[in-house]
Amino acid sequence: MSSGNDHDAGFEPATGDGPLPPGPADRRAASVRTAFEGLLQIRRLTNAGRQDPEGVPAEWELRRAVRAVALALEADGRSPSAVDASGQRVASGYRVQAGEAPGTVRVEWLGPPGSGAAHEEEAELTRCAAALGRLGWTALLYRGPRRRRFLEVES
């Protein structure tokens, strides 16, 4: 039976390549908290033999690394970038996508033209790396084409 709420359609963490999350911010924050608590529960159950089961990505996350990294960043309070219907960037924030090497994820800090995102990227990506590091991900800061920085994330 469907009640028409967000849980019926399934929760999707913001990757920074879609529209701004719809609905009230407090409802989105509650959905993020619920999804993140679910991720931590999966870690506790599947990493039960480890000293810190919540401190290591679960096998489930490794198979869905882009989704897991996006959820970790959103749960930490990092802001996602966003695009409008025409594909134009309308908000500054992180963008998560599959990395070049299998099993890696790339995190960039992007924004609309003139937003200053390029000047914020080192500090913001450092914050992203710290958040991911607390969750057992390895996030290394690199400088790519046009001297723009990005994180390469892996388990």
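The model shown is predicted, which means the values in this text are computed figures rather than measured ones.

Peer 1: I would appreciate a short explanation of the overall build of the chain in the present structure.
Peer 2: A tally of regular secondary structure across the chain gives five helices and six strands. When the helices and strands of the chain are listed from N to C terminus, the series reads α-α-α-α-β-β-β-β-α-β-β. Against the 2.2 N^0.38 benchmark of 15 Å for 155 residues, the chain shows a C-alpha radius of gyration of 16 Å, consistent with a compact globule. Along the first, second and third principal axes, the C-alpha set of the chain runs to 45 × 40 × 25 Å. Expressed as a percentage of the 155 residues in the chain, the buried residues total 37%. Across the chain, every contact between residues at least 6 apart in sequence was considered, and the portion connecting residues at least 24 apart equals 47%. Total accessible area on the chain stands at roughly 8800 Å², and carbon and sulfur atoms take up 51% of it. The centroid of the 20 positive side-chain charges in the chain is displaced by 3 Å from the centroid of its 21 negative side-chain charges.

Peer 1: How should I be thinking about the environment of Ala35 in this particular structure?
Peer 2: Position of Ala35 among the secondary structure elements: in helix 2 (residues 25-46). Along the backbone, Ala35 and Gly10 are 25 residues apart, and their C-alpha atoms lie at a distance of 9.8 Å. Among all residues touching Ala35, those that are not within four sequence positions of it are Phe11 and Leu71.

Peer 1: Looking at this model, I keep getting lost on the nonpolar core. Mind explaining?
Peer 2: One broad trend across soluble globular proteins is that nonpolar side chains are buried collectively. If you look at the biggest cluster of nonpolar residues, it comprises 29 residues, and the most contacted ones within it are Val69, Val107 and Val153. Sorting the residues of this core by element identifies helix 2, helix 4 (65-75), strand 3 (93-98), strand 4 (105-110), helix 5 (117-134) and strand 6 (149-154) as the ones contributing at least two each. Ranked by the residues each element gives to this core, the list is headed by helix 4, at seven residues. Setting aside anything within four residues of it in sequence, one finds Val69 in contact with Val96, Val105, Val107, Leu132, Trp137 and Val153.

Conventions adopted
- Residues numbered from 1 in each chain as written.
- Predicted model: local features only at pLDDT ≥ 70, side-chain atom pairs only at ≥ 80, totals over all residues.
- Heavy atoms only, no water.
- Helix = DSSP H or I, 4+ residues; strand = E, 2+ residues; numbered from the N terminus.
- Rg over C-alpha atoms; globule rule 2.2 N^0.38 Å.
- Buried < 20%, exposed > 50% of the residue type's maximum accessible area, 1.4 Å probe, protein only.
- Contact = heavy atoms within 4.5 Å.
- Areas by Shrake-Rupley, 256 points an atom, 1.4 Å probe, with all protein chains shown as cover.
- Lys, Arg positive; Asp, Glu negative; His and termini not counted.
- Charge placed at Lys NZ, Arg CZ, Asp CG, Glu CD.
- Core = buried A, V, L, I, M, F, W, Y, C linked by side-chain atoms within 4.5 Å.

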